[in-house]
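Each chain is listed here by its residues.
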Amino acid sequence: MKALDRKLWRDLRQLWSQVLTIALVVASGVAGFLATFSAWDALSWSRETYYAEARFADVFTSLKRAPVSLLPRIAAVPGVAQLQDGVAHGVQIFIPGVQDPIRGRMTAIEPRAPQHLNQVTLREGHWPADTVASGRLEVLVSAALAQARQLRPGDTLQALMNGKLQELVVAGIALSPEFIFAGMGGSPDVHGFGIFWMHRDAVAAAWDMRSAFNQVSLRLAPGAKEAEVIEALNSLLAPYGGINAYGREDHLSHRMLNSEIREQQVLGTVLPSIFLLVAAFLLQTVMTRHIGLQREQIAALKALGYDNRRIGWHYLRMVGVIVGLGCVLGVALGDALGQWFSTLYVQVFAFPQLQHRLRGDVLAVAVGLSVTVGLLATAQAIRASVLLPPAEAMRPPAPAHYRRTWLDSTRLTHWLSPGQRMVLRHMQRHPWRSTLTVVGLAASVAIVISGSFWRDSIDLMLHTQFRQVLRGDVVLALVEATPAQVASQALRLPGVTAVEASRSVGVRLVNGHRHWRGNLQGRVAPAELQRIVDAHGQRHEVPADGLLLTDRLAHRLGLRVGDVVQVEWQEGARTVWTLRVAGVVQEMMGMNAYIARSHLNQLLREGDLVNQLTLAVEPGRETELLRALQQRPRVAGAFSKAVMLRNVEGITARNLLIFSAVLTAFASVIAVGVVYNQTRIALAERAWELASLRVLGFTQGEVSGLLLGEWLLEMLIALPLGWWAGWLLSDTIVRLIQTDEFFFAVRIRPATYAFASVCVVVAAVFSAWIVKRRIRHLDLVGVLKVHE
């Protein structure tokens, strides 16, 4: 082994603890990058592969009812390459032994006919048979619901179909590219929502849709303009109650999947970048100090004939070993986390295959970035070492120039002990060093906060939605709009103590070239069981005249308070109104448009009609109520708040908390790395000074107090700065991943600030113990030796 090789391993052994902590910080950055981008790659690759294999459509529309004789005219629309018609209706599902209400979508399928678009994939069982021939109703069940409810072929269900309770038999388990994400309101609900496919003859018989359809999907020809096709389709289907057509980008499943992919891109870019910057900061600090302590060794090497290139390469190899160790650990951890994240996504997104893979280009980028950051961080220190003349290197560094500080000219010195004055003077005479230490400590606190605040934001969102917004216990969706007197009838249901009625209609809001399709919700004021509450907990009421819009919807349409917007009713006579935006509210879930129920019914020129009821139920009687609602044909669906909350917590909240725990672990590693390395560097820089004090009669405790007292003061300055930086970093991440469906308010509890502070303080206490131990074993003679 060559002399420089032996020196390299000797230096690494001497600095093993600092090498390990820096390598762990690098590993955190590499692992975070690989885990998030491998999850991004798995989702993107699975999406594109499945879309291509199952021929996912480009344009979608729904209508009331149209004869199949209209299909050739739709196919003749310029730009249409293929079409697929269908029949679909909402149903309520009952599973024997399960009290929780389940909302479903019953879709027609013809097993013997070719599926041109949105092909259904059979994973288990057989295709549903012709009901007339088999004598029973067979259905396919979406894989997500089947897995959540443990359904298998041969199991029996009940469905409320068009007001009639029907017995169903599970024929098989299936998937569709239309329902990769299946849920309501933008939240996955694999326990309470499912897709069902039944033979078209059976669906047509149940809803009187023989030789008719109410769903159309289109595939566009190459070069076709989506907007022109949608406009022609809307015009053609308008007489048949067609709800405005929309493109793939507005499809719920596709939109939610794209939103998750975008979040992974943001998180895979922002957080690993911060981790690598922290690693660069530590490498630069450690290598600068290490090279400074080896001035005499560098001079001796040059005197023995080693040129600048070989000496520079020696220190570059040292950086390479540290970064390489971090990359090896990071790749192994990132691959394991990526596989774990993929298993979590399987519970939310239903793909035929969601395959985790560690792509070579992603791996090369992660390692390349780590090596580049490490080399750039230490380039200046290494360059200074190789350019140092041997004669100058043999001399000790020039002593510092000391002068009176502002502290000496104030009366404050009379109130301070000699040790305290020494601490303050040292910080004042080395402001850049003290500033870097404070910045490093503050960054550690901020990173821990950014990994932990998700729990607080999730708790706030769930509390707001299920305690302040939805104050009722059960929500009923009616089959059709019904006179408001139905609320009085609902009061006679078992356990019901209060009822609040509302009406929701499908609309399209248009402002110039911008548009949005969704539901206009007619509410009463003041509302008690289903309220409108913003992200700050402030209650809002629907205006007597005009619209109240979610801020994200107003931003999407380019609207402000006082502006007017065109409202196109998508049902019945397809009336168009021009309404004023009376207010904007920052809600946490969904994009919503509200109007006074009386005003909505007045615009529709109908009586006081409602199609949704929110019920308050006596404690312990909800099961009895849900059982009674199964016999009500006018009820399209019943939603239990307790069940919805449990389902959301079981998937969405759990996955976010798991992700938060991983981030917190990474952040804690970084905090330990920053604090420990800064403390070790401070000890190395002041070893001569501390040894001198020991010789002059200072005790070990007094000497330790000087070093640790400076660190304590820097910590007290860094903690509030870290709290502020943590909030700012958390707010930045939230803004970058914000979607139309969710708004995560940055809520950081005092306990989270305390947790971040404790993480850093514990790391500091551990470092202080090591420092005190090293001071106790300080070689006074060796440290005080100076070459003259």
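All values reported here derive from a predicted model rather than from experimental measurement.

Conventions adopted
- Residue positions within a chain follow its written sequence, with the count starting from 1.
- Two thresholds apply to this predicted model, a pLDDT of at least 70 for residue-level local features and 80 or more for giving and counting side-chain atom pairs, whereas whole-chain, interface and lining totals are computed over all residues.
- The side-chain numbers reported here are obtained from all heavy atoms of the structure, hydrogens and water having been left aside.
- Comment: elements are numbered from the N terminus, with helices defined as DSSP H or I runs of at least four residues and strands as E runs of at least two.
- The classification of residues rests on relative accessible area computed with a 1.4 Å probe and restricted to protein chains. Under 20% of the type maximum is buried, over 50% is exposed, and intermediate values are partly exposed.
- Here the open area of atoms and residues is found with the Shrake-Rupley method and a 1.4 Å probe, where only the protein chains shown may cover a residue.
- Stacked, edge-to-face and tilted labels apply to pairs of Phe, Tyr and Trp rings (six-membered ring for Trp) whose centres lie within 6.5 Å, assigned for plane angles under 30 degrees, over 60, and everything in between, in that order.
- Residues enter a nonpolar core if they are buried and are Ala, Val, Leu, Ile, Met, Phe, Trp, Tyr or Cys, with the set joined through side-chain atoms within 4.5 Å.
- Whether two residues touch is decided by their heavy atoms; if any such pair falls within 4.5 Å, the residues are in contact.
- Each residue after the first adds 1.5 Å to the expected span of a helix.
- Here a polar contact is recorded for every N or O atom pair within 3.5 Å, except that within protein the pair must consist of a potential hydrogen donor and a potential acceptor, and residues adjacent in sequence are included only if both atoms are side-chain atoms.
- By this definition, two strands are paired if DSSP reports at least two bridges between them.

Asks: Would you mind going over the overall build of the protein with me for this structure?
Replies: Across its full length, the protein carries 23 helices and 24 strands. Here the protein, with 788 residues, has 53% of them falling under the buried criterion. If you sum the accessible surface of the protein, you get close to 35000 Å²; carbon and sulfur atoms cover 57% of it.

Asks: Help me out: how do you make sense of the packing of aromatic side chains in this one?
Replies: To describe a pair of aromatic rings, one takes the distance between the centres and the angle between the planes. Inspection of every chain in the model, using the stated rule, returns 13 aromatic pairs. Seen from their ring centres, Y50 and F351 are 6.5 Å apart, and the 65° between their planes marks the pair as edge-to-face. Taken together, the positions of Y50 in helix α2 (residues 16-54) and F351 in the loop between α10 (308-346) and α11 (360-386) put the pair 301 residues apart, joining distant regions of the chain.

Asks: Sorry, what's going on with the nonpolar core here?
Replies: Soluble globular proteins: nonpolar side chains tend toward being buried together. Counting 145 residues, the largest nonpolar core has I93, M106, V141, L157, L168, M198 and F349 as the members making the most contacts within it. It is α2 that provides the largest number of residues to this core, a total of 17 residues. Beyond its immediate stretch of four places on either side in the chain, L168 contacts I93, M106, L137, V139, D155, T156, L157, A159, M161 and M198. Judged by nonpolar contacts, the second largest core, of 22 residues, contains W516, L553, V565 and L579.

Asks: When you look at α2 in this model, what are you seeing that I'm missing?
Replies: One turn of the α-helix equals 3.6 residues, which is why residues spaced by three or four share an orientation. Compared with an ideal rise of 1.5 Å per residue, which puts 39 residues at 57 Å, α2 spans 55 Å between its outermost C-alpha atoms and is within 8% of the ideal. The element α2 is largely enclosed, with a buried count of 31 among its 39 residues. Directly after α2, the chain includes R55, whose backbone phi takes a positive value near 55°.

Asks: I keep staring at the side chain of H251 and nothing clicks. Help me out?
Replies: Mapped onto the secondary structure, H251 falls in the loop between β13 (243-247) and α8 (252-293). Of the polar contacts made by the side chain of H251, one reaches the backbone nitrogen of S253; its length is 3.3 Å. Those residues within four positions of H251 in sequence are excluded, and the remaining contacts are F56, F60, E178 and Y246.

Asks: It is not clear to me how the pairing of strand β24 (residues 635-640) should be interpreted in this structure. Could you clarify?
Replies: The side chains of a regular strand alternate, first on one face of the sheet and then on the other. With 6 of 6 residues buried, β24 is to be regarded as a mostly interior element. Note: strand β14 (residues 474-483) against β24, 5 bridges, orientation antiparallel. Its bridge partner lying in β24, V475 is registered against F639.

Asks: Would you take a moment to explain unusual backbone geometry for this structure?
Replies: With the exception of glycine, the majority of residues adopt a negative phi angle, and the majority of peptide bonds are in the trans configuration. Here A525 and P526 are connected by a cis peptide whose omega angle stands at -5°. Residue position: P526 is located in the loop between β16 (514-523) and β17 (532-533). One non-glycine residue, R55, lies in the positive phi region at around 55°. Residue position: R55 is located in the loop between α2 and β1 (59-67). Looking at R55, the relative accessible area reads 27%, which means it is partly exposed. The phi angle at Q150 is positive, at roughly 55°, despite the residue not being glycine.

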